[in-house]
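Commentary on secondary and tertiary structure
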Amino acid sequence: MTRTFGSSLLALGAVGVVTAVSVGLLPVLGLASAALLFLLPVLLGAARGGLWPGLVATLAGASAYNFFLLEPRYSFRVHQLDSLVSVAVLGVVAAVTSRLATRLMAREAEANARAAASEEAARLSALLAAGPADEALGAGLAFVAARYAPVYLLDGALPAGSDAGFSSLDLSAAAWALHNGDRTGHGTETMAAADWSFIPLALRSRSDQAVLALARPSDGHPRSPAELDQLQQLALLLGACRDRASLEQVRRDRERLEQSEQLRRTFLASLAHDFRTPLTVITGQLAQLAQRDPAAADALVAAGQLERTMADLLGLARIEDGSLVVASESLDVIDSVGAACDAVALPAGITLQRAVPTDLPFVRGDPVMLHHALANLVDNAMRHAHTTVRVSAAGTAERVEIVVEDDGSGIPAADRAEVFDRFRRLAGSDRTAGSGLGLAIVKGFTEAMGGDVSIGESPLGGARFALGLPGVPEPVG
Amino acid sequence: MSRVLAVDDEPAILRLLGVVLARDGHQLVTAGTARDALAALGAGPGAIEAVLLDLGLPDRDGLELLTMIRAQTTVPVIVLSARSEVTEKVAALDLGAADYVTKPFDGDELLARLRVALRGSGTTAPRGGVLVHGPIRLDAARHEVFIADRPVSLTPREFAVLEVLVAAGGRILTHAALLETVWGKAHRDDVEYLRVVIRALRLKLEDDPGQPRLIRNEPGIGYRLC
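Values in this document were obtained by computation on a predicted structure and should not be read as measured data.

Focus: helix α4 (residues 86-94) of chain B
In an α-helix, one turn spans 3.6 residues, which is why side chains three or four residues apart end up on the same side. Residues of α4(B) that are buried: B:V86, B:E88, B:K89, B:V90, B:A92 and B:L93. Buried residues belonging to α4(B) abut α12 (367-384) of chain A together with α3 (62-72), β4 (77-81), β5 (99-102) and β10 (173-174) of chain B. Where α4(B) ends, the next residue or the one after it, B:G96, has phi of about 115°, a positive value.

Structure (structure tokens):
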């Protein structure tokens with residue numbers, strides 16, 4: 001307003017100067033050139049103050065030209081038609097010039113504002129790109145706060161109202177912005193009566209939306225749409241930085257998890273190592289002694305039991321922490337049964353029968369897990385049998401079942417469901433030296449391989465364990 | 001009968017090995033570190049006839065030492081380790097170990113493995129000669145196989161697998177090594193090929209193919225002749 005007024009006064013002054021000069025020099029200049037001189041105040045007024053000073057200069061200039069220079073002079077009357085035309089042309093030219101100058105000025109102002117906005121966004125970008133994302137986000141918020149107004153980042157959840165001095169309307173506006181990803185609050189069309197403006201960090205509704213809360217400008221003027229647009233751009237930059245921060249957080253969490261997994265695996269491996277080395281010395285020396293002293297033979301058996309319990313514990317730890325890596329390859333049950341039977345010592349008085357048909361389809365599984373599971377089943381059967389343990393297999397290309405059965409006292413139907421539980425030892429099984437873990441391992445390993453294990457009654461009189469695995473279709477090659 | 005180098009950082013294990021090996025009349029040389037082991041092996045050709053190697057040494061990884069021993073000499077190495085991971089065993093065998101025994105070990109089994117390893121070293125039969133293992137007699141030049149003097153007709157693949165097993169003289173061969181030798185590098189992982197041929201061989205060679213005594217499998221590792 002003041003600028004328009006000042007420019008108008010200046011333009012009027014310029015009209016006065018031009019009038020004085022052209023009156024004095026009229027004989028030398030001629031009317032046409034004098035008319036041109038009157039365009040100068042119009043340009044001056046329009047360039048400095050825009051349309052209105054330009055129009056003021058146009059009217060004043062046309063009047064002065066008519067009054068002081070056109071015949072009859074010192075009157076507004078016009079005698080000749082050409083004089084009327086020159087006044088009119090002066091007026092039109094002045095009006096057009098002032099409009100053009102005004103438009104130019106507006107463009108310049110717009111360009112300046114855009115440049116300032118881009119520069120601001122670029123500076124924020126640079127700030128956000130430097131250093132770890134979570135620290136950069138803090139610096140970015142401080143940057144916005146320093147330039148606009150106090151600011152909060154509402155990340156996913158609403159704050160307690162009193163913390164930032166939010167009214168209930170502010171909180172509603174914040175909730176709307178968080179939920180829908182719209183701009184709300186002061187300066188916007190949604191809940192404009194709120195004291196704070198809420199600007200989403202992403203332009204769409206998403207579950208992990210965050211919102212920038214900006215206090216009303218301290219000088220009291222309402223926040224303009226242009227300022228809100230600029231703030232939205234800055235908020236998007238902050239949003240990208242926040243996404244980067246959460247990705248970094250996810251990566252750090254995963255690394256920590258991997259480290260602890262690694263630590264646990266290393267621990268289990270070193271535990272096995274730390275057990276086995278002394279056990280080697282104990283069993284080795286006992287084996288020497290046992291050749292002369294039957295008491296040492298008992299100790300040797302006990303040490304062997306200790307070793308098996310340790311292996312079962314480690315196997316179970318692996319099943320439970322989910323770190324089992326299961327291989328899946330084609331296996332010949334003849335190999336698996338043979339190795340399992342070889343791995344278990346045959347007690348005196350027990351006969352081991354094997355019946356694996358030589359045309360049995362191969363199975364798919366993990367060789368080491370299947371070995372461990374079968375050895376545990378055979379070991380279990382040996383400990384419960386009176387005279388006979390039988391290992392057999394049958395099946396098709398879809399499913400092969402390996403059966404381990406004995407002629408012991410069997411397992412009552414009521415107890416069968418619990419046999420595979422950890423540390424489960426059925427009543428009356430005191431003479432058996434099992435750890436109570438062996439069958440839990442059988443179940444864990446078999447299921448990890450995609451197989452199943454069930455328990456029933458054997459025609460021999462004792463328990464019958466059936467371990468089912470997927471078969472392998474007829475091989476080619 | 002032989003000078004055997006035991007490399008282990010546990011003195012109690014070394015003492016135990018001394019007692020066990022004495023049963024077969026072997027003389028034990030001990031080393032507590034990889035550096036001592038290399039020094040003992042470098043003492044002179046023929047001084048050491050077999051090595052028992054623990055993988056957990058204080059100054060160097062056991063598998064790395066194994067590679068260095070292999071680069072230096074052909075003496076058979078039996079890995080004797082508390083590490084029981086199959087991948088570790090396969091890695092050791094593929095790096096040239098003659099066998100792998102897990103702690104705690106059975107003394108008689110260790111001695112048996114040691115006998116096989118000692119027999120295998122330096123006694124490779126001339127190419128094209130006749131190889132004998134237990135009841136199996138294999139004439140590579142004539143492409144003939146006899147089991148207890150009874151001729152057996154084998155396919156070329158079966159013959160090739162059996163030839164590699166017999167030549168190993170009871171040492172274990174990993175699945176990958178067998179597949180690579182007989183089928184080529186591209187088929188290292190095609191265990192099923194090997195299973196098919198082994199089953200066919202058992203049907204032709206074993207008294208009871210459902211309870212094989214000649215061709216034995218170690219789960220996840222490989223096959224050996226007994």
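Things to note about the interface of chain A and chain B
Listed by partner, the interface residues are 35 residues for chain A and 32 residues for chain B. For the pair chain A and chain B, the two sides together bury roughly 3000 Å², of which 55% comes from carbon and sulfur. There are 5 salt bridges connecting chain A and chain B. Close ionic contact of B:R195 with A:E329 constitutes a salt bridge, the shortest N to O distance being 3.1 Å. Summed over the shared surface of chain A and chain B, the result is 9 residue pairs in polar contact (both at pLDDT 80 or more). Elements with a contribution of two residues or more to the side of chain A that touches chain B: α9 (225-290), α10 (294-321), β5 (329-331), α11 (333-343) and α12 of chain A. With 10 residues, α9(A) is the single largest residue contributor to the side of chain A that touches chain B.

Some remarks on the sheet that holds strand β6 (residues 130-133) of chain B
All names here are of chain B. Strand order in this open sheet of 4 strands is β6-β7-β8-β9, and the pairing throughout is antiparallel. Each end of this open sheet is capped by a strand with a single partner; those strands are β6 and β9 (150-152). Averaged over all pairs of adjacent strands, the angle between their axes in this sheet comes to 25°, without regard to strand direction. In the sheet, β6 pairs with strand β7 (residues 136-139) via 4 bridges, with the strands oriented antiparallel. For V130, the partnering residue across the bridge sits in β7 and is D139. Helix α6 (residues 156-168) contacts β6, β7 and β8 (144-147) of the sheet and is inclined by roughly 115° relative to β7.

A few points about the domain arrangement of chain A
Reports often express the size of an interface as the amount of accessible area lost when the parts come together. What the domain assignment lists for chain A is domain 1 (2-122), domain 2 (131-248) and domain 3 (324-470). On a C-alpha basis, the centres of domain 1 of chain A and domain 2 of chain A stand 48 Å from each other.

Remarks on the sheet that holds strand β3 (residues 50-53) of chain B
All names here are of chain B. Strand order across the open sheet formed by 5 strands is β2-β1-β3-β4-β5, with parallel pairing between neighbours. Looking at which strands have only one partner, the edges of the open sheet turn out to be β2 (27-31) and β5. The mean angle between the axes of side-by-side strands here comes to 20°, regardless of whether they run parallel or antiparallel. Against the sheet, helix α1 (residues 11-22) touches β1 (3-7), β2, β3 and β4, its axis set at about 165° to β2. In the packing of helix α2 (residues 34-41) onto the sheet, the strands contacted are β1, β2 and β3, and the crossing angle to β1 comes to about 165°.

Regarding the domain arrangement of chain B
All names here are of chain B. What the domain assignment lists for chain B is domain 1 (3-120) and domain 2 (130-225). The C-alpha-based centres of domain 1 and domain 2 are spaced at 27 Å. Listed by partner, the interface residues are 10 residues for domain 1 and 13 residues for domain 2. In total, domain 1 and domain 2 occlude about 900 Å² of area from one another, counting both sides; carbon and sulfur atoms represent 56% of this. Looking only at domain 1, the three residues that lose the most surface to domain 2 are L93, D94 and V116, adding up to 36% of its buried area. For the pair domain 1 and domain 2, the number of links is 3 salt bridges. A salt bridge links R113 to E218, with the nearest nitrogen and oxygen atoms 3.4 Å apart. Linking domain 1 to domain 2 there are 3 residue pairs in polar contact (both at pLDDT 80 or more). Those elements giving two or more residues to the side of domain 1 that touches domain 2 turn out to be α4 and α5 (107-120). Examining the composition of the side of domain 1 that touches domain 2, we find that 5 residues originate from one element, α4, more than from any other.

So, the side chain of B:R202
Turning to its location among the elements, B:R202 is positioned in helix α8 (residues 191-205). With a relative accessible area of 1%, B:R202 lands in the buried category. Once residues lying within four places of it in the same chain are set aside, the contact partners of B:R202 are A:D332, A:I334, A:D335, B:P209, B:P212, B:I215, B:R216, B:N217 and B:Y223.

Here we look at the pattern of salt bridges
Residue and element names in this part refer to chain A. What the rule picks out here adds up to 38 salt bridges over all chains. E120 is the partner of R147 in a salt bridge, and the nearest nitrogen-oxygen pair spans 2.9 Å. Placement of the pair is R147 in helix α6 (residues 133-147) and E120 in helix α5 (residues 81-129), with a sequence separation of 27 residues. With relative accessibility at 36%, the residue R147 sits in the partly exposed group.

With respect to the UniProt feature "transmembrane region" (unreviewed entry) in chain A
With numbering matched to this structure, UniProt assigns "transmembrane region" (unreviewed entry) to residues 12-44, 50-69 and 81-101 of chain A. Secondary structure content for residues 12-44 of chain A is 94% helix and 0% strand, and the end C-alpha separation is 10 Å.

Details of unusual backbone geometry
All names here are of chain B. Of note, the bond from K103 into P104 is cis; its omega dihedral lies within 30 degrees of zero at -5°. With respect to the helices, strands and loops of the structure, P104 is situated in the loop between β5 and α5. For H143, which is not glycine, the phi torsion reads 60° and is therefore positive. Inspection of the secondary structure assignment puts H143 in the loop between β7 and β8. For H143, a relative accessible area of 44% translates into the label partly exposed. Backbone geometry at A148 places phi at a positive 45°, although glycine is not the residue there. Mapped onto the secondary structure, A148 falls in the loop between β8 and β9.

Conventions adopted
- Residues numbered from 1 in each chain as written.
- Chains lettered and ligands numbered in written order.
- Predicted model: local features only at pLDDT ≥ 70, side-chain atom pairs only at ≥ 80, totals over all residues.
- Heavy atoms only, no water.
- Buried < 20%, exposed > 50% of the residue type's maximum accessible area, 1.4 Å probe, protein only.
- Helix = DSSP H or I, 4+ residues; strand = E, 2+ residues; numbered from the N terminus.
- Contact = heavy atoms within 4.5 Å.
- Buried area = accessible area lost by both parts, 1.4 Å probe.
- Salt bridge = Lys/Arg side-chain N within 4 Å of Asp/Glu carboxyl O.
- Polar contact = N/O pair within 3.5 Å; in protein donor to acceptor, adjacent residues only side chain to side chain.
- Pairing = 2+ DSSP bridges.
- Axes fitted to C-alpha atoms, helices over the stretch in contact; angles between N-to-C directions.
- Domains from an automatic or database assignment.
- UniProt positions renumbered as here; feature names shortened; annotations may be inferred.

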